[in-house]
Amino acid sequence: DSFDVECEDDYGRWLAYLHYDDTEDGFVQRRLLNEGYVTEYKVQPNDTFAETFEADESRARALSKGRWSACD
């Protein structure tokens, strides 16, 4: 696990990036975005991966992956 600028949001929830190995697939948030299971959401000032996450979601949408397969 790793953190950005802040470790918690205003509600006391952890803001962590989850990794189970050093690959792109091992970066949990990226894998979920790339498979179309989740939507990118920024919590400022924690935006280190914002552009990467936006690109991952955009790619999943373009490929109609996961939740995006149900949308026209």
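Structure's up top.
Structural notes, computed from the coordinates. Note that the structure is a prediction, hence the values are computed from the model and not measured. (Residues numbered from 1 in each chain as written. Predicted model: local features only at pLDDT ≥ 70, side-chain atom pairs only at ≥ 80, totals over all residues. Heavy atoms only, no water.)

## Points about the packing of aromatic side chains
Here the distance between the centres and the angle between the planes together describe a pair of aromatic rings.
Then step 1. Scanning all chains against the criterion turns up seven aromatic pairs.
Then step 2. With a centroid separation of 5.9 Å and 75° between ring planes, the pair formed by F3 and W14 is classed as edge-to-face. Residue F3 is located in strand β1 (residues 2-8), and its partner W14 is located in strand β2 (residues 14-17); the two are separated by eleven residues in the primary sequence.
Then step 3. Its relative accessible area of 62% is what places W14 among the exposed residues. (Phe/Tyr/Trp six-rings, centres within 6.5 Å; stacked < 30°, edge-to-face > 60°. Helix = DSSP H or I, 4+ residues; strand = E, 2+ residues; numbered from the N terminus. Buried < 20%, exposed > 50% of the residue type's maximum accessible area, 1.4 Å probe, protein only.)

## A few points about helix α2 (residues 50-62)
Then step 1. For α2, built from 13 residues, the straight-helix expectation of 18 Å at 1.5 Å per residue is met to within 8% by its first-to-last C-alpha distance of 18 Å.
Then step 2. What α2 keeps buried is the set A50, F53, D56, E57 and A60. Summarising the axial view, the buried residues of α2 lie within an arc of 130°, below the 170-degree limit, and thus occupy one face. For α2, the exposed residues set more than 90 degrees away from the buried face come down to E51 and A62.
Then step 3. The inward-facing, buried residues of α2 contact β2 and α1 (28-34).
Then step 4. Backbone geometry just downstream of α2 places S64 in the positive-phi region, at approximately 55°. (Expected span 1.5 Å × (residues − 1). Arc of directions from axis to C-beta. Contact = heavy atoms within 4.5 Å.)

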